[in-house]
Amino acid sequence: MAYVRACGLSELEEDTPKRVELDGTPVSVVRTEGEVFAINDICSHANVSLSEGEVEDCQIECWLHGSAFDLRTGKPSGPPATRPVPVYPVKIEGDDVLVSLTQES
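Along each chain, residue indices are assigned from 1 in the same order as the chain's sequence is written. In view of the model being predicted, local features appear only for residues whose pLDDT reaches at least 70, and side-chain atom pairs are presented and counted only at 80 or more, with totals across whole chains, interfaces and linings using the full set of residues. Computation of side-chain values: all heavy atoms of the structure, hydrogens and water removed.

Chemist: Any chance you could break down the overall build of the protein for me, citing the residues and the numbers?
Modeler: Secondary structure summary: the protein contains 0 helices and 10 strands in total. Based on C-alpha atoms, the radius of gyration is set beside the globule rule, defined as 2.2 Å times the residue count to the power 0.38. What you see for the protein is a C-alpha radius of gyration of 12 Å, in line with the 13 Å of a compact globule of 105 residues. With the C-alpha coordinates of the protein rotated into their principal frame, the extents come out at 40 × 25 × 20 Å. When a residue's accessible area, from a 1.4 Å probe over protein chains only, is under 20% of the maximum for its type it is buried; when over 50% it is exposed; and in between it is partly exposed. For the protein, the residues scored as buried account for 47% of the 105 residues in total. Contact definition: two residues touch when any of their heavy atoms are within 4.5 Å. A separation of at least 24 residues holds for 38% of the contacts in the protein among residues at least 6 apart in sequence. For the protein, the accessible area works out to roughly 5400 Å², and carbon and sulfur atoms hold 43% of it. For helices the rule is a DSSP run of H or I covering at least 4 residues; for strands it is a run of E covering at least 2, with both sets numbered from the N terminus onward. With residues, only the protein chains shown are counted as cover, and all accessible areas are computed by Shrake-Rupley using a 1.4 Å probe.

Chemist: Provide a residue-level description of the nonpolar core, including the pertinent values.
Modeler: One recurring pattern in soluble globular proteins is that nonpolar side chains are buried together. Counting residues in each nonpolar core, the largest one holds 16 residues, and the members touching the most others are Ile 39, Cys 43, Leu 50, Ile 60, Phe 69 and Leu 71. Residue contacts for Cys 43: discarding those within four places in its chain leaves Val 48, Leu 50, Cys 62, Phe 69 and Val 85. Cys 7, Val 20, Val 27 and Val 97 belong to the second-largest nonpolar core, a separate cluster that totals 13 residues. For this analysis, a nonpolar core means a set of buried residues of the types Ala, Val, Leu, Ile, Met, Phe, Trp, Tyr and Cys, connected via side-chain atoms within 4.5 Å.

Chemist: I'd like a rundown of the packing of aromatic side chains, residues and numbers included.
Modeler: Note on ring pairs: Phe, Tyr and Trp rings are taken, using the six-membered ring of Trp, and paired if centres are within 6.5 Å. Classes follow the plane angle, with under 30 degrees stacked, over 60 edge-to-face and the rest tilted. Taken as a whole, this structure holds 0 aromatic pairs when the rule is applied. Against the face of Tyr 3 rests Lys 91, its NZ or CZ located 4.4 Å from the ring centre. We call a charge positioned over a ring when the NZ of a Lys or the CZ of an Arg lies within 6 Å of the ring centre and within 35 degrees of the ring normal.

Chemist: Give me the lowdown on the side chain of Asp 41, citing residues and values where you can.
Modeler: Secondary-structure assignment places Asp 41 in the loop between strand E4 (35-40) and strand E5 (55-56). Judged by its relative accessible area of 0%, Asp 41 is buried. Leaving out residues up to four positions away in the same chain, Asp 41 has contacts with Arg 19, Pro 26, Val 27, Ser 28, Val 48, Ser 49, Leu 50 and Ser 51.

Chemist: How would you sum up the pairing of strand E9 (residues 90-93)? Please name residues and give values.
Modeler: Two strands pair under a simple rule: DSSP has to find at least two bridges between them. Where E9 and strand E10 (residues 96-99) come together, 4 bridges link them in antiparallel fashion. Paired with Val 90 across the bridge in E10 is Val 99. Counting the residues in the hairpin turn of E9 and E10 gives 2 residues, including Gly 94, whose phi is positive at 65°.

Chemist: Explain the environment of Asn 40 residue by residue, including any values.
Modeler: Along the chain, the position of Asn 40 falls in strand E4. The spatial distance from the C-alpha of Asn 40 to the C-alpha of Glu 11 is 19 Å, given a sequence separation of 29 residues. Distance and chemistry together define a polar contact, namely a pair of N or O atoms within 3.5 Å, with one atom able to donate a hydrogen and the other to accept it when in protein, and with adjacent residues in sequence counting only for side-chain atoms on both sides. A polar atom in the side chain of Asn 40 sits 3.0 Å from the backbone nitrogen of Ile 42.

Chemist: So what about the pairing of strand E2 (residues 18-22)? Which residues, and what values?
Modeler: Note: E2 against strand E3 (residues 25-32), 5 bridges, orientation antiparallel. Bridge pairing links Val 20 to Val 27 in E3. Between E2 and E3, which pair antiparallel one after the other, the connecting turn spans 2 residues, and Asp 23 there sits at a positive phi close to 50°.

Written out as structure tokens, the structure reads:
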């Protein structure tokens, strides 16, 4: 599995998504509940950036219609979204947050 540097761990504020582009793929990197997650940044319902939404209870909420996606699985918690968004493996090396674009789900 190939990992690429997404950002520095020190650049991530708790519960504040950071949008990055990795090999042309928009990714939202989130530090919450003592972990770092990477999820595709495009809502499966409305095609808008998830990184503009809020993070709570290990979910990221789409600001447009309120669908929330689990940061661990990408599954929506309820309508209007019905399809999950991809999540990606993350590993931390020193201050580097590394993400593999190989999907976990």
